[in-house]
There are 2 protein chains.
Amino acid sequence: MKKILGAGILFLSLTSFAQTKEDSIQFSKISTEILNKGKSYYELRDLTKNIGHRLSGSEAYEKSVKWAEQKLQEAGADKVWLQEVMIPVWERGKESLYIKSNTGKWTKLKMLSLGNSEGTRGKDVSGEIIMVKSFAEYEKLNPDQVKDKIVFFNYPFSQSYVQTFRGYSDASAYRSTAASLTAQKGGKFAIVRSLSSAFDDVPHTGAMRYKDDVTKIPAVAIGNTTADKLENLLKSQKITAKLNSNCGMKGEKLSHSVIGEITGKKDQSVIVVGGHLDSWDVGEGAHDDGTGIVQSIEVLRTFKNLGIKNNHTIRVVCFANEENGVKGGIQYGKTAKETREKHLFALESDAGGFSPRGIALEMDDAKINQIKTWIPLFLPYGAYDFDGRYSGTDIYPLHDMGVPTAELAPDSQRYFDIHHTEEDTFEKVNRRELLLGATVMTQMIYMIDQNW
Amino acid sequence: MKKILGAGILFLSLTSFAQTKEDSIQFSKISTEILNKGKSYYELRDLTKNIGHRLSGSEAYEKSVKWAEQKLQEAGADKVWLQEVMIPVWERGKESLYIKSNTGKWTKLKMLSLGNSEGTRGKDVSGEIIMVKSFAEYEKLNPDQVKDKIVFFNYPFSQSYVQTFRGYSDASAYRSTAASLTAQKGGKFAIVRSLSSAFDDVPHTGAMRYKDDVTKIPAVAIGNTTADKLENLLKSQKITAKLNSNCGMKGEKLSHSVIGEITGKKDQSVIVVGGHLDSWDVGEGAHDDGTGIVQSIEVLRTFKNLGIKNNHTIRVVCFANEENGVKGGIQYGKTAKETREKHLFALESDAGGFSPRGIALEMDDAKINQIKTWIPLFLPYGAYDFDGRYSGTDIYPLHDMGVPTAELAPDSQRYFDIHHTEEDTFEKVNRRELLLGATVMTQMIYMIDQNW
């Protein structure tokens, strides 16, 4: 028995060695192909410069649907189709925020209404600003102190976390709940310090939501240096703010996610790789999430160009409406449940097109441990961190159905400098960083396809 | 014996566990201090915007010497001094390169003379261009074919390497030897395709050198898109090039490296951390190597601000003349040998102020293996790669004396897009990436100081 076992182990480790060598060669082919012939950077330029930002419900979003359909066809998909999704329509319109100090002079502030926020319907709404630095401080205020006031939530983005996503998570409740909290105590509108890792004057938009049974008052974001200046002014005097905005929800609309796939040679179990096609209505939606879209298309193209025989169906999903509703992801999950299509794995890229550092994994321990045995293959490509336990927003519905999910984990230092701002432009994306991310994604999809 | 050994191991591992915990706390303190209160980003802005590029021998370099002296004092150095260095003086002056095709019309090309190259002394030098794609192709040419010609070395920067430094090393011999090779066969001057990972029209300068006994003919670099256009033109017609330049070596000059230290509490063995203060005469010398300078000063300041009792002397060296002579590094090594000052370790940062990925180590295996046991401490800060076996140019003289040396290994994807160009500006540096590099450097210096 001992002898047989010994032979068995020897056999296994020889197979494993040969397999590792073959995988290593395939990893290198993928990297060489993408770093030299990848088209995702040029596709991103096209998407960001010729279409630009593309909020759900906008004409630009509909253009991007046609664009993605075409790019998937060009990449060599066997089949491309649109998936119907009912999406919420939010529009910004004109907006302005002024403050007035002791001098009596109105000063205009750079600002952005938060996504999904209602506005002032084109009327001036003004009141005295009161500032709080935290929820704890706000809780201590009586409704009397808040009534008819403008509440300025000035909670700073923590610089202490090495992973900036932790700083973002830490502060994000201020963006999402400021309006509801202010409304509950009778305030007129809320001003939020931007969720930004930069020290500049760029306001960051992003989704907020109203709690049930609150008056839907406006919420706006200001940049960090404006927030600091306002904090300083408030130390010595009363400040009045005046908001005039036209944003608001404009019902629902039929739209689409875009899907393309190469059919499995062994079976039609599905491996999903994707990002979201929509963006906020500022900047160009480059890192969020144009990069995820073009990288996902690069994965499919690379399988085709290298002639890799995929066992399972590899499906690129360009999700609709991640930013203000996740309706694309929800619809995809619902459809997958209805059709009982077997999903093996889903990988999203929605953390920016920066140099990859690893892949976050959300699945059972046995699968995580198996993937971790592949780390030596990934290390030469800069991917070492497989310890994240989260995955992309759009694929949570799949995760909730029991599908193992994952997200590309790129370097996070620059993302929240530009996230949801006018600064999220093509120029902020580095070609090689983007291509290297696509390389690691393709390598992971290859390993899953070969081994699951 | 067995029992005693057992107890010994238990004792050791408990000590080690407690030590690791203490180190981990210290790592966190260093990170929190630098990410929140680090001044290196603002110092870099000052250096790059108020002094700018600072080639050896220039007035700007002398300003940067005074600047570094002051910053080291402000950072809390116990002692700051200048080390005399004789440096070569190279000046660019006016320069222009034109080409003429069949149409007979002269077209101006963007170009930069290579550093240390002689020019045309203000006279037009012209001739027919012949292109080679590699040294192998050039070797096949007879002197007759090269005589009085302009040789265009059009060897591309390889995109295939994940570490861009490998692509740079692969192509760098073209920059350094093109002029000598051309002169050996009687050519008039050499044009080199830039050592650039970008696909743009930005020429990259950088050091060339003349072989002994060759005529010192000029060498210039052109950007990649210009190189591609020229290659295309040459397919169908003869192209004449005309160079007019004034660059050249202008003798030697007394200059200085800048040194500051905090004295060791236990002994005065020296731990060096540094970068080079000089830069090429284009752009702002931001990533090359302003970042290394301000990060090294950050290390010293952080030891002071956190009140860390350093066992050994921690010495920041801002080396003179790395770019076109390495005279600062050579002088430092020479002085260290003369004074017989014991050097424990030297760390350089000269690969850009990007997110750290590890530290390259050049020392004996026992020391490398010891440092590798510290990797779990570094991982939360994104440093995982301790497999590089090289170190900074300025500390090679120390290495050659037997001192263990190392270099910060940041993400390399963007560096050679901007290296030695007009584009190497402050705006290309991200605050958090720079600070995280300084964090990992400080952590490494801390570990060496505590354990060696």
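A quick note: this is a predicted structure, and the numbers were derived from the prediction, not measured. (Residues numbered from 1 in each chain as written. Chains lettered and ligands numbered in written order. Predicted model: local features only at pLDDT ≥ 70, side-chain atom pairs only at ≥ 80, totals over all residues. Heavy atoms only, no water.)

### Some points on the overall build of chain A
Quick note on the threshold: Numbering of helices and strands starts at the N terminus; helices are DSSP runs of H or I of at least 4 residues and strands are runs of E of at least 2. Throughout, the radius of gyration refers to the C-alpha atoms, and the reference size of a globule is 2.2 Å times the residue count to the power 0.38. Buried, partly exposed and exposed residues are distinguished by accessible area as a fraction of the type maximum, computed with a 1.4 Å probe on protein chains only: under 20%, between the cut-offs, and over 50%, respectively. Contact between two residues is taken to exist if any of their heavy atoms lie within 4.5 Å; hydrogens are not considered. We score Asp and Glu as negative and Lys and Arg as positive, and we do not count His or the chain ends. A charge is said to be at NZ when it belongs to Lys, at CZ for Arg, at CG for Asp and at CD for Glu.
Tallying secondary structure elements over chain A gives 14 helices and 15 strands in all. Taking 452 residues into account, the globule formula puts the C-alpha radius of gyration at 22 Å, and chain A, at 24 Å, falls close to it. Reported as C-alpha extents along the three principal axes, the dimensions of chain A are approximately 85 × 45 × 40 Å. When each of the 452 residues of chain A is scored for burial, the buried share is 61%. Put simply, of all contacts in chain A between residues at least 6 apart along the chain, 83% involve residues at least 24 apart. Looking at chain A, you have 58 positive and 58 negative side-chain charges, and the mean spots of the two groups are 1 Å apart.

### Here we look at the UniProt feature "domain: Peptidase M28" (unreviewed entry) in chain A
Put simply, the rule is: UniProt positions are given in the numbering used here, feature names are shortened, and annotations may be inferred rather than shown by experiment.
Per the UniProt annotation, the sites labelled "domain: Peptidase M28" (unreviewed entry) are residues 258-434 of chain A. End C-alpha atoms of residues 258-434 of chain A are separated by 21 Å, and the span's content is 33% helix alongside 21% strand.

### Overview of the interface of chain B and chain A
Test applied: Two parts placed together each lose some accessible area under a 1.4 Å probe, and adding up what both lose gives the buried area. Each salt bridge in this description consists of a side-chain nitrogen of Lys or Arg and a carboxyl oxygen of Asp or Glu lying within 4 Å of one another. Contacts described as polar in this section are N or O atom pairs within 3.5 Å, which, within protein, must combine one atom able to donate a hydrogen with one able to accept it, while residues neighboring in sequence count only if both atoms come from side chains.
Taken together, the contacts link 29 residues of chain B with 29 residues of chain A. Across the chain B/chain A interface, buried area totals approximately 2500 Å², and carbon plus sulfur atoms make up 44% of it. Where chain B meets chain A, there are 2 salt bridges. Between R414 of chain B and E433 of chain A there is a salt bridge, and its shortest N-O distance comes to 2.8 Å. Put simply, chain B and chain A have 24 residue pairs in polar contact (both at pLDDT 80 or more) between them.

### Concerning the sheet that holds strand β2 (residues 95-100) of chain B
All names here are of chain B. Here is the rule we go by: A strand pair is defined by DSSP finding two or more bridges across the two strands. Think of each axis as a best-fit line through the C-alpha atoms, taken over the contacting stretch in the case of a helix, with angles from 0 to 180 degrees between the N-to-C directions.
Taken together, the 8 strands give an open sheet; going across it, the order is β3-β2-β9-β5-β6-β7-β8-β4, and neighbouring strands pair in mixed fashion. Single-partner strands in this sheet number two, and they are β3 (106-109) and β4 (112-113). Bridging between β2 and β3 involves 4 bridges; their strand directions are antiparallel. Note on β3: the bridge partner recorded for L97 is L109. Taken strand by strand, helix α6 (residues 164-184) contacts β6 (150-153), β7 (189-193) and β8 (219-222), and its axis lies near 155° from that of β7.

### Focus on the packing of aromatic side chains
All names here are of chain A. Using the following cut-off: Pairing of aromatic rings covers Phe, Tyr and Trp, the last counted by its six-membered ring, and requires centre-to-centre distances within 6.5 Å; plane angles under 30 degrees mean stacked, over 60 mean edge-to-face, and any other angle means tilted.
Under the defined criterion, the tally for this structure stands at 40 aromatic pairs over all chains. For the pair F27 and F378, a centre-to-centre distance of 4.9 Å together with 70° between the ring planes defines the contact as edge-to-face. Of this pair, F27 sits in helix α1 (residues 2-37) while F378 sits in helix α11 (residues 375-378); the two residues are 351 residues apart in sequence, bridging distant segments of the chain. Taking the relative accessible area as the measure of exposure, F378 reaches 0% and is therefore buried.

### Here we look at the packing of helix α2 (residues 40-51) of chain A against helix α14 (residues 431-451) of chain A
Residues and elements named next belong to chain A. Just so we agree on the cut-off: Here the angle decides the label: under 35 degrees means roughly parallel, over 145 means roughly antiparallel, 65 to 115 means roughly perpendicular, and every other value means oblique.
Axis separation between α2 and α14 bottoms out at 9 Å; the angle between their running directions is 115°. For the element pair α2 / α14, the angle class is roughly perpendicular. Across from S40, Y41 and Y42 in α2, the residues of α14 making contact are R431, L434 and L435.

### Details of the layout of surface pockets
Condition: Any residue with an atom within 4 Å of a point lines the site, the site being either a cavity, points on a 1 Å grid over the protein atoms alone where a 1.4 Å probe fits but cannot get out, or a pocket, an open set with protein on both sides within 12 Å along at least 5 of 7 lines. Grid points are joined across faces, edges and corners, and a volume is the space filled by probe spheres set on the points.
A volume near 1200 Å³ is recorded for the second largest pocket. Forming the walls of the second largest pocket are 43 residues, and the residues nearest its centre are R414, E427 and K428 of chain A together with E427 and K428 of chain B. Among the elements of the structure, α2, α13 (415-418) and α14 of chain A together with α2 (40-51), α13 (415-418) and α14 (431-451) of chain B are those that each provide at least two residues to the lining of the second largest pocket.

### Considerations on the pairing of strand β10 (residues 248-262) of chain B
Residue and element names in this part refer to chain B. Across 12 bridges, the pairing between strand β1 (residues 79-91) and β10 is antiparallel. Residue pairing for β10: E84 is matched across the bridge by H256. Of the strand pairs in this sheet, β10 and strand β12 (residues 313-319) are connected by 5 bridges, and their pairing is antiparallel. If you follow I259 over to β12, its bridge partner there is V317.

### With respect to unusual backbone geometry
Here the residue pair D288 of chain A and D289 of chain A is connected by a cis peptide bond, since its omega of 5° sits within 30 degrees of zero. Along the chain, D289 of chain A falls in helix α8 (residues 286-306). The phi torsion at R340 of chain A lies on the positive side, around 55°, for a residue other than glycine. Turning to its location among the elements, R340 of chain A is positioned in the loop between α9 (327-339) and β13 (343-348). Even without glycine at this site, D213 of chain B takes up a positive phi of about 60°. Inspection of the secondary structure assignment puts D213 of chain B in the loop between β7 and β8.

### Description of the pattern of salt bridges
Counting across every chain of the model gives 40 salt bridges over all chains. Of the charged contacts, one joins K304 of chain B and D78 of chain B as a salt bridge, the two residues approaching to 3.6 Å between their closest N and O atoms. In this pair, K304 of chain B is assigned in helix α8 (residues 286-305) and D78 of chain B in the loop between α3 (59-75) and β1, connecting sequence segments 226 residues apart. Judged by relative accessible area, which is 38%, K304 of chain B ranks as partly exposed. Residue class for D78 of chain B comes out partly exposed when judged on its relative accessible area of 44%. Each of R414 and E433 of chain A together with R414 and E433 of chain B takes part in salt bridges that share partners, so that together they form one network.

### Focus on the environment of D449 of chain A
Residues and elements named next belong to chain A. When you line up the elements, D449 lands in helix α14. Overall, D449 belongs to the buried group, its relative accessible area being 0%. Dropping the residues within four chain positions of it, D449 is found in contact with I271, K309, N310, N311, H312 and I314. Here N311 takes part through its backbone nitrogen, which lies 2.8 Å from a polar atom of the side chain of D449.

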